[in-house]
Amino acid sequence: MASDRMLAYGAGVEDLTVIRNLETAFEEETKTSTAYKAYATRADEEGYPGLASLFRATALAEQIHAGNHARVLRHMGGSPGIDAPKMHVEGTFENLKATLVDQRFEVDYLYPAFLTTAVPLFDTTAIRSFHWAFEADKSHVQLYGDVMARVHGGGRRGWEYEKHPFFVCGLCGYAAEHPVGKNCPGCNYLWEKFEAIM
């Protein structure tokens, strides 16, 4: 990460907050992506291939968010960087709970706060990066919330016990269980450009 003094020279003081928010978002998304990949491995080991697919799909989505934040950071004179993430992998259902908590935090607090800072500055590239991650994370909360309700509600068995594809937008990271319309609900990217993840 660049020093505050160097950034202040090339960017306005207001932009420093946006740059710091982008750095935080980049670090969080990178750590989350790494954790979800490990969770997918654990779910496969425990016999939940559908959950493993969901973890892989959202790991890719978080990687897309990190890449978007990194591009904006470089454009603004910042420098994406991260220490090696420390992870603790539990059983699949504990990982599922942790993932839902992480995604709700991003939707309820992290991205709304970052958008509140960027919007008054009319920083369109940062706004777009934050907004796309925010909209995509809403889709993740929906997917994880649905499976949590089914698993803990004692209801019908669903896709979590069998191989199941999920679809991820390559531009914003929106994830869906089935194709939805012709365009991505998060960024309006063409649905045919979504990647199917198993």
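The rules behind the values
- Residues numbered from 1 in each chain as written.
- Predicted model: local features only at pLDDT ≥ 70, side-chain atom pairs only at ≥ 80, totals over all residues.
- Heavy atoms only, no water.
- 1 Å grid on protein atoms, 1.4 Å probe; cavity = no way out; pocket = protein on both sides within 12 Å on 5 of 7 lines; lining within 4 Å.
- Points joined across faces, edges and corners; volume = space filled by probe spheres on them.
- Helix = DSSP H or I, 4+ residues; strand = E, 2+ residues; numbered from the N terminus.
- Nonpolar A, V, L, I, M, F, W, Y, C, P; charged D, E, K, R; others polar.
- pLDDT = per-residue confidence, 0-100.
- Contact = heavy atoms within 4.5 Å.
- Salt bridge = Lys/Arg side-chain N within 4 Å of Asp/Glu carboxyl O.
- Buried < 20%, exposed > 50% of the residue type's maximum accessible area, 1.4 Å probe, protein only.

A.B. asks: Hey, could you run me through the layout of surface pockets in this one?
C.D. replies: Think of a ball as big as a water molecule: rolled over the atoms, this probe shows where empty space is left. Taken as a whole, the largest pocket holds about 240 Å³ of empty space. Taken together, 15 residues form the lining of the largest pocket, with Glu28, Lys31, Thr32, Ala35 and Asp102 sitting closest to its centre. Looking at the lining of the largest pocket, the elements with two or more residues in it are α2 (13-45) and α4 (92-118). Examining the composition of the lining of the largest pocket, we find that six residues originate from one element, α2, more than from any other. Counted by class, the lining of the largest pocket contains eight nonpolar, two polar and five charged residues.

A.B. asks: Before we go on, may I ask you to explain the confidence of the model for the protein chain in this structure?
C.D. replies: Low pLDDT means the predicted atomic positions in that stretch should not be read closely. Counting all residues, the mean pLDDT for the protein chain is 88, and 89% of those residues have values of 70 or more. Between residues 1-11, whose pLDDT stays under 50, and residues either more than four places distant or in other chains, the model counts 19 contacts.

A.B. asks: Looking at this model, I keep getting lost on the pattern of salt bridges. Mind explaining?
C.D. replies: Considering all chains together, one arrives at five salt bridges under this definition. Note that Arg150 and Glu160 form a salt bridge whose closest N and O atoms lie 2.8 Å from each other. Of this pair, Arg150 sits in helix α5 (residues 124-152) while Glu160 sits in the loop between α5 and β1 (166-168), placing them 10 residues apart in sequence. This pair shows no difference in class: Arg150 is buried, exactly as Glu160 is.

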